[in-house]
Structures are given as C-alpha cells and as structure tokens.
Amino acid sequence: MKNIRNFSIIAHIDHGKSTLSDRLIQSSKIISDRDFKDQILDTMDIERERGITIKSQTVCLPYKSKDGKTYDLNLIDTPGHVDFTYEVSRALASCEGALLLVDASQGVEAQTLANLYLALEHNLEIIPVINKIDLPSADIDRVKDQIEEDLGLDPETAILVSAKEGLGIDDVMEATVRMLPPPVGDAAAPLEALIFDSHYDPFRGTIVHFRIKQGTIRAGDRIRFMSNNATYKVEEVGVFQIVRVPKKELCAGEVGYMIAGIKTVSDTRCGDTVTDHRRPCSKPLPGFKEAKPVVFSSIYPVASDGYEDLVVAMEKLKLNDASLIYEKDSSAALGFGFRCGFLGLLHLEVVQERLEREYDLSLILTAPSVRYRLIMNDGDELIIDNPALYPDPTNIEYAMEPFIKAAIIVPDRYMGAVMKLCLERRGINKNYQYLTNNRLEMIFELPLGEVIYDFYDRLKSITQGYGSFDYELIEYRRTDLVKLDFLINGERVDALSMLIHRDNAVARARVACSKLKDEIPRQMFKIAIQGAIGGNIISRSTVSAFRKDVTAKCYGGDISRKRKLLEKQKKGKKRMKMVGQVMLPQSAFLAVLKTD
Ligand code: GTP
C-alpha cells in the first residue's frame, strides 16, 4: 500500500487537464506510442470535438521513482465543467491528493477555486501545477502570486509544466510520489469500497469503478450494495490501464473495477458503498452529493414515425448515463416524446448531440425549464417542470423557484458589464472582493431559470472571454410566475410554451414572435404568430403569404433537374412539423429559446 498514490487532476476548463493526463499515460509506457491517440481519456466523440471531459475514466500508471522503487499512480480523471461538479466530488473522495492545474497565461479562474474548495473538503493534499509555460503570454510570476494570495497554497511547491511540449512531466510524477500520502486501510478488515463511477459494456454489463477503502475483494465473492441491499456475485476485478487488466484481488487503498453481472448503470448508485455480503462493514462510507437534475426539457422526434427509434436510443443512452432521467411525454403539436431531466444545459446539449449523431435522429427540444414549486390555494404543493402541466393560475396561491449562488471572476474593468448582466437576470449582488492582479470575485444570487438559457455565453462575450463562472443551488424563493403561450394562426402550440417571470414575459414574447417570423417559411396563406398569457395577447407578428415554386427557375426541359429540386425540397420538409395547417421548421423551436 505504501507504493500506491491515488490522485486527480483538477482545473478550470481548458487549462490542459486532458493534455497532461495524456502525457502522464504516455510517459508510463502502458501503451505504445503507435497506439497512442491524443487525449486518450476523452473517448467519446463529442468530448473530443468539443474538447471537454464529461465521463471520468481512471488509469493505473506504473512509475519508477528516483528512490528506485516502482509505484502505482492511480489517476482518476474528473470532468471540468460546472454541470458535472458532482462527478468531480465523487472522484475526489477516492483520492488522497490532487494536482491543481493552472494555465500560465489565464491564471486562477472560478472553477479553479471551486475545485480547490471541493478538494479541501475531502482533506486532499494539493500540488499546484502551472501549465502552458511554453506560451509567449505565460506569466509565471503572476500565477505564482495568485497561487499564494488567492488559493493560499505555497507557490514554491508549484511545478512548471508544458503538457503540450512534454516539459516537466517527470517532475509531476515524482512530486506525486513525494508529496502525496499513501492510502491507509486494512486489507483484513470487512470490505468497504466506494463507487465513484460506472459505465456500460455491451458484453459484460455494468463495469463498476471503485476505490477499496478497507478489506479485500476477489472474483467469486458475494457482495452487497449498501443503499439497496442488492447482492451480486463478483465475476472479475481488475485495474484500468486504458484496457481492463484483470487481477486476482484488489485490496484496501487500490482503485479498480468490478464486473458482477449487473445489467444497467442505473442499478448502481454512485456514492454507494460495496461491502461483503457475509461479513458486512458496520456503516456505509460518508455520502456523496447525489446527481440531481435541474434542467428539464421534452424531446420529440421530428418525423412522426420516429418515436420507436427514439425509445430505443433513449434506452441505450440511459445504460451509460445514469444521470439522465426521462419519462414518457406527449404533445398535441408534436406527438409522443420524452420529458427529460438534465444536470445542466451542457448535459442537455450533449444528450441531444449524442441522440442526433449516434442514433441518427432528428429531434425537437422544447424550452428548457427549472423545477418550480407551486403552493396551491388549498395548501397543497405541486412541483412542476413542464409548462404543459401548469394548472389554472387562479388556483395557485404563489410559486417558488430555485436560486443559485454564483461566483464570477473577472478583471475589474468588466465589473459594470457583469453587474448589468446579472441585474437583468434578476440577480442580487451579495458581495465582491479583490483577488490579485486587479481581478474581482463577484458573488450573486440568481434565479436558476435565468441562467439556464444563454447566461454563460453572454458572460463570455461581455468579458471578451475573461469571465469565469461557477454556481451551486441554494434555496427556493417566492416568484411571480406566468405561463407564456404561443399561438400560430390562433392555435396554441403546446411545445412552444414556457414558464417565466412576469416581468420578462412581454420582452420574451416580442423577441420570440419576431424570431418565429424569421424561421417560419412563407406559405400560401398569411400566418399570424401571437404570444399570450392566458387570454391576453401580449405580442404578435405575421408571416405574409407567398407561393413558393422551387421549379420555377428551371424553365422548360430538364426533368431530372426538376426532380432533384423537388427532392431537395422534400428533404427540407422532413425537418418540418405540421402544426394545424402550418409547417414549423425544427429551427422555430430553437428560436424561441434565444433571448436576444
Ligand atoms: P476539459 O477536458 O474541458 O476540462 O479541458 P482540459 O482542461 O482537459 O483542457 P485540454 O487538455 O483539452 O486543453 C485545452 C487546450 O489547451 C487544448 O487546445 C490544448 O492543446 C491546449 N494545451 C494544453 N496544454 C498546453 C500547453 O502546455 N501549452 C499550450 N500552448 N497549450 C496547451
């Protein structure tokens, strides 16, 4: 056990965590350079394309230290985006230490701080690592100041690295051995293992990723999950070295996997404790933050016969994504679909992209919503996240919406712009404090419903990319909620409805009506678009009539060209939805989501 180190890399998004992980893997030689693909830990397509890490993966790296001994360095990969904070927390609870990575030109940002706090909560030893020292804009002294002043860490211990050029990689390995404590635990004690992740393998079922805190686990053991008392027989245990490497046993202090004939990832709960069925431990390990969905939206197939395909795709996706929740939903305008809960907007986008790309589906998503609590006149409480379920407003005493505490770090010259943005979003400024180098940490309380649209994009654009952001949910507060409907030629399109604050309703309705006008193609008759609260029309726009004959350009003759054009038009129609007599393109459903 003395020769094991368990650690994570934590960083603000884009500070180079995946690149550094790649380098560590490469230098441990567990795979040949020929097989080495860049960013080996980010296996999913979307992750690779967007350069963000979503699903954590673990890898066991053998390292021969300068003291002549060989160590097992278990690197537990963590995702870097605010939506996935819960996964970071689970991974950190399985470590004794963390490398805190800071970009040498960007310096400390909001998620650097947030991740540091998480790591400190888990009592981890922290090694600061300054990355991207190859950049001409790198300012190592400034970052060292920030490490001392803003993070309260010793800048002298910081390791200078260029993950891209491979500089300082050995120093990182060596520091992990020297500065991080080895795990403690008793291999003879009753089994206590912490699940921090799981993934689905089509041949073997669920692969559980865990950290053995106490005891020993072997193939053939009968184990029990402490949260639901389900028992399974262990088929295989082992460690990850990019591929699974089976082992005879895993003991206290080790990190690895277990296969036990578990059918779906939702049968395992991250944060749960695995113990021995016959000789259980006395109590479960202290809990994790559970992944709770905060953003809800309905997903419908564009094609009316697309529902069956969507069912299959959702089931498959769910096998791998335990945090995705969904139930059947239906809409008068769009037919059958699913109401889904997501961890945040990014999670929503990732799910949408995976469904469209991996399963070749064309989808319509309704306006994302948070979960509201409605206190009814008779004292009952109704919890809704779906505008379709909004009751008769005269029966509602009052409504409550979730608030977050947001920490925003910006250079102080953007203070005014950030203040304006947050106030527009009904934010309350609670505090601000100067960090080093004229940077400001601003704390706001904001309604989550105002953040789930395009808050992060807007923040990035008003601060020219310098602003960074992190948040946590705090509480429910009273709000003045209304349901905004849209009518197309007098017919209410349920899938366009949204729940919003009364003060924003008129402005949102106006923007949405004009966007819809741009998106809905002219047809042979006039189309009226209206925004309404209850029976009150609060905005309107009109698409004038037009007869579109795509073949008009092909004067005379060439029939094959004519056919081609008609086919092209038909294809375009596939992404359209008939609502009453009106064709609504997929883009119309997206248009109502934009706020400016
Ligand atoms: P998430 O996975 O989204 O958390 O991002 P990340 O922190 O893993 O960042 P990633 O490794 O994807 O790196 C972000 C960008 O920085 C990429 O374009 C890298 O090529 C670049 N990068 C990483 N390390 C270095 C470095 O040492 N020097 C330079 N110049 N660029 C680097």
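Residues numbered from 1 in each chain as written. Predicted model: local features only at pLDDT ≥ 70, side-chain atom pairs only at ≥ 80, totals over all residues. Heavy atoms only, no water.

As annotated in an unreviewed UniProt entry, the protein carries the name Elongation factor 4 and is attributed to Desulfosarcina alkanivorans. Taken from UniProt, the Subcellular location (unreviewed entry) comment for the protein reads in full: "Cell membrane". (UniProt positions renumbered as here; feature names shortened; annotations may be inferred.)

**Considerations on the packing of helix α7 (residues 307-320) against helix α8 (residues 345-358)**
Between α7 and α8, the shortest axis-to-axis distance is 11 Å and the interhelical angle comes to 125 degrees. With respect to α8, the element α7 is oriented oblique. Crossing angle aside, the handedness with which α7 passes α8 is right-handed. The segment α7 lies against α8, with Leu-310, Ala-313, Met-314 and Leu-317 engaging Val-351, Arg-354 and Leu-355. In terms of residue class, the contact of α7 with α8 is built from six nonpolar, no polar and one charged. (Axes fitted to C-alpha atoms, helices over the stretch in contact; angles between N-to-C directions. Helix = DSSP H or I, 4+ residues; strand = E, 2+ residues; numbered from the N terminus. Parallel < 35°, antiparallel > 145°, perpendicular 65-115°, else oblique. Left-handed = near helix turned anticlockwise from the far one by under 90°. Contact = heavy atoms within 4.5 Å. Nonpolar A, V, L, I, M, F, W, Y, C, P; charged D, E, K, R; others polar.)

**Topic: helix α5 (residues 140-149)**
An α-helix turns once every 3.6 residues. As a result, residues three or four positions apart point the same way. For α5, the complete set of buried residues consists of Val-143, Gln-146 and Ile-147. Considered in projection along α5, the buried side chains sweep an arc of 100 degrees and stay on one side of the axis. Of the exposed residues in α5, the ones pointing more than 90 degrees away from its buried face are Asp-141 and Glu-149. Contact partners of the buried residues in α5: β4 (97-103), β5 (125-131) and β25 (439-447). (Buried < 20%, exposed > 50% of the residue type's maximum accessible area, 1.4 Å probe, protein only. Arc of directions from axis to C-beta.)

**Some words on a negative patch on the surface**
On the surface, Asp-139, Asp-141, Asp-145, Glu-148, Glu-149, Asp-154 and Glu-156 cluster together to form a negatively charged patch. Structurally, the position occupied by Asp-154 is in the loop between α5 and β6 (159-160). Accessibility expressed as a relative area gives 42% for Asp-154, which makes it partly exposed. (Patch = residues over 30% accessible without salt bridge, like charges linked within 9 Å, V, L, I, M, F, W, Y side chains within 5 Å. Areas by Shrake-Rupley, 256 points an atom, 1.4 Å probe, with all protein chains shown as cover. Salt bridge = Lys/Arg side-chain N within 4 Å of Asp/Glu carboxyl O. Lys, Arg positive; Asp, Glu negative; His and termini not counted. Charge placed at Lys NZ, Arg CZ, Asp CG, Glu CD.)

**Concerning the nonpolar core**
In this structure, Leu-355, Leu-374, Ile-408, Val-418 and Ile-520 are the most contacted members of the largest nonpolar core, which totals 79 residues. With sequence-adjacent residues up to four places away left out, Val-418 is seen in contact with Ile-408, Val-410, Met-442, Phe-444, Leu-459, Ile-462 and Thr-463. Of all hydrophobic cores here, the second largest spans 28 residues; its members include Ala-104, Ile-126, Ile-130 and Ala-158. (Core = buried A, V, L, I, M, F, W, Y, C linked by side-chain atoms within 4.5 Å.)

**Section: the UniProt feature "binding site: GTP" (unreviewed entry) in the protein**
When the UniProt feature table is mapped to this numbering, "binding site: GTP" (unreviewed entry) covers Asp-14, His-15, Gly-16, Lys-17, Ser-18, Thr-19, Asn-131, Lys-132, Ile-133 and Asp-134. By the element assignment, His-15 lies in the loop between β1 (4-11) and α1 (17-28). Taking relative accessible area as the criterion, His-15 reaches 1% and is therefore assigned buried. Sequence-distant contacts of His-15, that is, excluding residues within four places in its chain, are made with Leu-101, Val-102, Asp-103, Gln-106, Gly-107, Glu-109, Thr-112, Asn-131 and Lys-132. Along the polypeptide, Asn-131 turns up in strand β5. Accessibility expressed as a relative area gives 2% for Asn-131, which makes it buried. Other than its neighbours up to four places away in sequence, Asn-131 contacts His-15, Gly-16, Leu-101, Val-102, Asp-103, Ala-104, Val-161, Ser-162 and Ala-163.

**Side note on the pattern of salt bridges**
Between side chains of opposite charge, a pair can form as their charged atoms come close. Under the criterion given, the structure shown has 21 salt bridges. For Glu-96, the salt bridge goes to Arg-211, with nearest N and O atoms at 2.9 Å. Placement of the pair is Glu-96 in the loop between α3 (85-92) and β4 and Arg-211 in strand β8 (residues 205-214), with a sequence separation of 115 residues. The exposure class of Glu-96 is buried, given its relative accessible area of 14%. Among the residues examined, Arg-211 registers a relative accessible area of 2% and is labelled buried. Two residues, Arg-458 and Glu-424, come together in a salt bridge whose shortest N-O distance is 4.0 Å. With Arg-458 in helix α11 (residues 455-462) and Glu-424 in helix α9 (residues 415-424), this residue pair connects regions lying 34 residues apart in the sequence. When its relative accessible area of 22% is taken as the criterion, Arg-458 is described as partly exposed. Its relative accessible area of 40% is what places Glu-424 among the partly exposed residues. Overlapping salt bridges bring together Arg-204, Glu-235 and Glu-236 as one network.

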